[in-house]
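Listed below, chain by chain, are the residues.
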Amino acid sequence: MLLKDKVILVTGGSGLLGKAFINNLKEKGAIALNLDVNVKTDFSQDEVFCNITNDASIYKAIDSILDKYHKIDGLVNNAYPRTKDWGAPFEQITTASWRENVDLQLNSYFVITQAVLKEMRQNKAGSIVNIASIYGVVGNDFTIYEDTAINPPAAYSAIKGGLVNFTRYLASLYGKHNVRVNCVSPGGIFDRQPETFVSAYEKKVPMKRMGNPDDIAPAVSFLLSEEAKYITGQNLVVDGGWTAI
Ligand SMILES: NC(=O)c1ccc[n+]([C@@H]2O[C@H](COP(=O)([O-])OP(=O)(O)OC[C@H]3O[C@@H](n4cnc5c(N)ncnc54)[C@H](O)[C@@H]3O)[C@@H](O)[C@H]2O)c1
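Quick caveat, the model's predicted, so the values are computed rather than measured. (Residues numbered from 1 in each chain as written. Predicted model: local features only at pLDDT ≥ 70, side-chain atom pairs only at ≥ 80, totals over all residues. Heavy atoms only, no water.)

*Asks:* Even after reading the chapter, I still don't get the site of the ligand, so can you show me in this structure?
*Replies:* Neighbouring the ligand are 27 residues; Leu 16, Leu 17, Asp 36, Asn 51 and Tyr 156 lie closest to it. Interatomic distance of 2.9 Å between a backbone N/O atom of Leu 16 and an oxygen atom of the ligand. Coverage of the ligand by the protein amounts to 85% of the 830 Å² it exposes when considered alone. Looking at the shell around the ligand, the elements with two or more residues in it are helix H1 (16–27) and helix H4 (154–174). (Near = heavy atom within 4 Å. Polar contact = N/O pair within 3.5 Å; in protein donor to acceptor, adjacent residues only side chain to side chain. Areas by Shrake-Rupley, 256 points an atom, 1.4 Å probe, with all protein chains shown as cover. Helix = DSSP H or I, 4+ residues; strand = E, 2+ residues; numbered from the N terminus.)

*Asks:* For this particular structure, what's the right way to read the nonpolar core?
*Replies:* Burial of nonpolar side chains together is a common tendency in soluble globular proteins. If you look at the biggest cluster of nonpolar residues, it comprises 32 residues, and the most contacted ones within it are Leu 9, Leu 35, Ile 62, Ile 65, Ile 72 and Val 116. Taken together, the elements giving at least two residues each to this core come down to strand S1 (7–11), strand S2 (31–36), helix H2 (55–69), helix H3 (95–123), H4 and strand S6 (179–186). The residues contacting Val 116, other than those within four sequence positions of it, are Leu 9, Ile 62, Ile 72, Leu 75 and Ile 128. In terms of nonpolar packing, the next biggest core, distinct from the first, is built from 22 residues, Ile 8, Val 10, Ala 32 and Ile 131 among them. (Core = buried A, V, L, I, M, F, W, Y, C linked by side-chain atoms within 4.5 Å. Buried < 20%, exposed > 50% of the residue type's maximum accessible area, 1.4 Å probe, protein only. Contact = heavy atoms within 4.5 Å.)

*Asks:* I'm lost on the side chain of Asp 36 in this one. Help?
*Replies:* Within the secondary structure, Asp 36 sits in strand S2. Summary of buried charges: Asp 36 has no salt-bridge partner, and the nearest side chain of opposite charge, Lys 19, is 9.2 Å away. From its side chain, Asp 36 meets the backbone nitrogen of Ser 14 in a polar contact 3.2 Å long. (Lys, Arg positive; Asp, Glu negative; His and termini not counted. Salt bridge = Lys/Arg side-chain N within 4 Å of Asp/Glu carboxyl O.)

*Asks:* Where do I start with the side chain of Asn 77 in this structure?
*Replies:* In this structure, Asn 77 sits in strand S4 (residues 74–77). Each residue touching Asn 77, except ones within four places of it in the same chain, is listed here: Thr 11, Tyr 109, Ile 112, Thr 113, Ile 128, Val 129, Asn 130 and Ile 131.

*Asks:* Just to check I follow, could you spell out the pattern of salt bridges for this structure?
*Replies:* Think of it this way: side chains of opposite charge can pair up when their charged atoms draw near. This model, assessed by the stated rule, comprises five salt bridges. We note a salt bridge from Lys 4 to Asp 5, for which the minimum N-O separation is 3.5 Å. Arg 209 is the partner of Asp 215 in a salt bridge, and the nearest nitrogen-oxygen pair spans 2.8 Å. For Asp 215, a relative accessible area of 27% translates into the label partly exposed.

*Asks:* Which parts of the structure should I look at to understand the state of the cysteines?
*Replies:* Chemically, a disulfide is nothing more than a covalent bond linking the sulfur atoms of two cysteines. Evaluation of the coordinates by the stated rule reveals zero disulfides. In this structure Cys 183 is not part of a disulfide, and its nearest cysteine sulfur, from Cys 50, lies 19 Å away. Look at Cys 183 and you get buried, because its relative accessible area is 0%. (Disulfide = S-S within 2.5 Å.)

*Asks:* Hey, could you run me through the packing of H3 against H4 in this one?
*Replies:* What describes two packed helices is the angle between their axes and the distance between those same axes. Closest axis-to-axis distance for the H3/H4 pair is 10 Å, and the angle between their directions is 20°. With respect to each other, H3 and H4 are oriented roughly parallel. As H3 packs across H4, the resulting crossing turns out to be right-handed. Along the contact surface, H3 presents Trp 98, Asn 101, Val 102, Gln 105, Leu 106, Tyr 109, Phe 110, Thr 113, Leu 117 and Arg 121, while H4 presents Ala 154, Ala 155, Tyr 156, Ala 158, Ile 159, Lys 160, Leu 163, Phe 166, Leu 170 and Tyr 174. Partitioning the contact of H3 with H4 into residue classes produces 15 nonpolar, three polar and two charged. (Axes fitted to C-alpha atoms, helices over the stretch in contact; angles between N-to-C directions. Parallel < 35°, antiparallel > 145°, perpendicular 65-115°, else oblique. Left-handed = near helix turned anticlockwise from the far one by under 90°. Nonpolar A, V, L, I, M, F, W, Y, C, P; charged D, E, K, R; others polar.)

Structure (structure tokens):
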């Protein structure tokens, strides 16, 4: 029970990775709250409505959690809002779309992180995990997308790369308050993508398979726990070796 009674917020906890994060946190004894735009607030189900792209919604969700639990021990920034044209070919991306995605994904992470850090600083304890990506660390290998309709979005690389270094800024600033801030960067997660893509991905990645949500979740729980009490400002890449070659 590594995380017994720790109050941990997971944004986007209804999604592919978020569900696995919540399950793993609960297995380790945490009160893992799903902050998602697709749920209604119901503490008996550990669900809190939160639209991370709306500042007022973030503040309301945090206030309701503090009213109920009087503390926040951990935050996992995982939600994944994006525009309808996400994945458009590079030369067709409009400036408005680029700006909106940076706002939805990166700026929203700033707002919720700032609000939670104020609380953690007062408690002199806390751990934040930002979910980044291998594409915040290395460039894309476009050969794996050949013969598929998938276009890895350029904004994703900019946003995740920014998130990795924002994490280091926060780690440096809040270390003296006993608040740790780290990233977990997953590799590609299997989600019934086209067969051509999956086999190209498997051919390249050293472990010869795509990741699964339960490959990533234990790394998140570890960084939130006291086992990681001297780890801050790091990017734990969980990618079957993708970025090792
Ligand atoms: N799936 C992958 O292969 C992969 C790989 C590397 C990194 N990641 C990262 O992992 C994170 C989760 O990805 P996923 O694949 O589970 O995504 P997903 O689309 O399955 O889930 C995203 C979740 O975010 C929620 N959400 C969307 N907009 C929101 C908003 N405005 N406010 C609150 N919640 C909102 C959705 O309701 C959903 O539950 C993302 O940050 C993504 O970049 C994913």
